[in-house]
Amino acid sequence: MPSTTLPRTARIGRTRKFSAALVATASCAAAVALASPSQAATPAGHVAAAGNLQVTAVAKQAHTAKQAAAPKGDQQYGNNLDGWIRQSLDIMKAKGIPGSYEGLHRNIMRESSGNPNAVNGYDVNAANGVPSKGLLQVIQPTFDSYHVAGTAKNLTDPVANITAAANYAADKYGSIDKVNSAY
């Protein structure tokens, strides 16, 4: 007498196909949510559900994309390297400190790889008890001397670190854009 149930291996294969289909469906739902203007306007706290899979990251990405597309006057700076550089550039422009996005980014990547908490524990400054810190590897005395009013008084604050370092580079080299090695 023939059995009407599938063998165990066939049941496992069918379950895997169903799981893959669910993941693909959720991925498509996420892509549609990103492309859909009505979904992009959904606050980050709202959750779109696809089966048992919640797609919270989509709402967050859509909110971030909406902020990035906002006109410059209404735009808030992102809490990331791009946002820190842009905020620093606006402060620098207001204070008459020369420098470009490219010059800042190039030096940041060389000095800290974009890590605002980077600390150099092995150079001469560190040996003297004053390690270089932050995105542009500034020592505390230099930060204190070149701190720019309107920024945080914390050496590792990304915007304060960038702006003080650019102010120092402007004084010593004419601009951060002219710095191509440790300074």
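Novice: Looking at this structure, I do not really get the packing of aromatic side chains. What am I missing?
Specialist: Aromatic ring pairs: the centre-centre distance and the angle between the two ring planes describe each pair. Using the criterion set out here, one finds one aromatic pair in the structure. With centroids separated by 5.2 Å and ring planes inclined at 85 degrees, the aromatic side chains of Y146 and Y168 adopt a geometry described as edge-to-face. Residue Y146 is located in helix 7 (residues 140–146), and its partner Y168 is located in helix 8 (residues 158–173); the two are separated by 22 residues in the primary sequence. Its relative accessible area of 16% is what places Y146 among the buried residues.

Novice: Help me understand the confidence of the model for the chain in this model?
Specialist: Atomic detail in the predicted coordinates should be set aside for any region of low pLDDT. Looking at the chain, the pLDDT average stands at 74 and 58% of residues meet or exceed 70. Counting interchain partners and residues more than four positions distant, the pLDDT-below-50 stretch residues 11–74 has 37 contacts.

Novice: Any chance you could explain unusual backbone geometry here in plain terms?
Specialist: The general pattern is negative phi for most residues beyond glycine and trans for most peptide bonds. Of note, the phi angle at S113 is positive, near 55 degrees, even though the residue is not glycine. Structurally, S113 is set in the loop between helix 5 (101–112) and strand 3 (119–120). What makes S113 exposed here is its relative accessible area of 57%.

Novice: Help me out: how do you make sense of the packing of helix 4 (residues 81–95) against helix 5 in this one?
Specialist: In a pair of packed helices, the angle between the axes and the distance between the axes together describe the arrangement. Packing of helix 4 against helix 5 leaves a shortest axis separation of 10 Å and a crossing angle of 130 degrees. By the angle class used here, helix 4 and helix 5 are oblique. Once helix 4 is placed against helix 5, the crossing between them reads as right-handed. Residues L81, D82, I85, R86, L89 and M92 of helix 4 form the contact with helix 5, whose participating residues are Y101, L104, H105, I108 and M109.

Novice: Quick question: what am I supposed to make of the side chain of N120 here?
Specialist: By the secondary structure assignment, N120 is in strand 3. Residue N120 is classed as buried on the basis of its relative accessible area of 12%. Those residues in contact with N120 that sit more than four places away from it in its chain are A126, P131, S132 and Q137.

Novice: Sorry, what's going on with the nonpolar core here?
Specialist: For soluble globular proteins, the rule of thumb is that nonpolar side chains tend to be buried together. Counting residues in hydrophobic clusters, the biggest one holds 24 residues, and the most contacted among them are I85, L104, I108, L136 and I162. When contributions to this core are tallied by element, the ones reaching two or more residues are helix 4, helix 5 and helix 8. In contact with I108, not counting residues within four places along its chain, are L81, I85, S113, G114, L135, L136 and I162.

Novice: Before we go on, may I ask you to explain the environment of I176 in this structure?
Specialist: Structurally, I176 is set in the segment after helix 8. With a relative accessible area of 0%, I176 lands in the buried category. For the pair I176 and L104, spaced 72 residues apart in sequence, the C-alpha separation works out to 6.5 Å. Setting aside residues no more than four positions away along its own chain, I176 makes contact with P98, G99, S100, G103, L104, R106, N107, A165, A166 and A169.

Novice: Any chance you could explain the side chain of N161 here in plain terms?
Specialist: Structurally, N161 can be placed in helix 8. Since its relative accessible area comes to 0%, N161 is described here as buried. Those residues in contact with N161, other than ones at most four positions away along the chain, are K133, G134, L135, L136, Q137, V138, F143 and L155.

Novice: Looking at this structure, how should I read the packing of helix 4 against helix 8?
Specialist: As a packed pair, helix 4 and helix 8 sit with axes 9 Å apart at the nearest point and diverge in direction by 50 degrees. For the element pair helix 4 / helix 8, the angle class is oblique. In this structure, the crossing between helix 4 and helix 8 has a hand that is right-handed. Residue-level inspection shows W84, I85, Q87, S88, I91 and M92 of helix 4 in contact with helix 8, the latter providing P158, V159, I162, T163 and A166. Split by residue class, the contact of helix 4 with helix 8 holds eight nonpolar, three polar and no charged.

Basis of the calculations
Residues numbered from 1 in each chain as written. Predicted model: local features only at pLDDT ≥ 70, side-chain atom pairs only at ≥ 80, totals over all residues. Heavy atoms only, no water. Phe/Tyr/Trp six-rings, centres within 6.5 Å; stacked < 30°, edge-to-face > 60°. Helix = DSSP H or I, 4+ residues; strand = E, 2+ residues; numbered from the N terminus. Buried < 20%, exposed > 50% of the residue type's maximum accessible area, 1.4 Å probe, protein only. pLDDT = per-residue confidence, 0-100. Contact = heavy atoms within 4.5 Å. Axes fitted to C-alpha atoms, helices over the stretch in contact; angles between N-to-C directions. Parallel < 35°, antiparallel > 145°, perpendicular 65-115°, else oblique. Left-handed = near helix turned anticlockwise from the far one by under 90°. Core = buried A, V, L, I, M, F, W, Y, C linked by side-chain atoms within 4.5 Å. Nonpolar A, V, L, I, M, F, W, Y, C, P; charged D, E, K, R; others polar.

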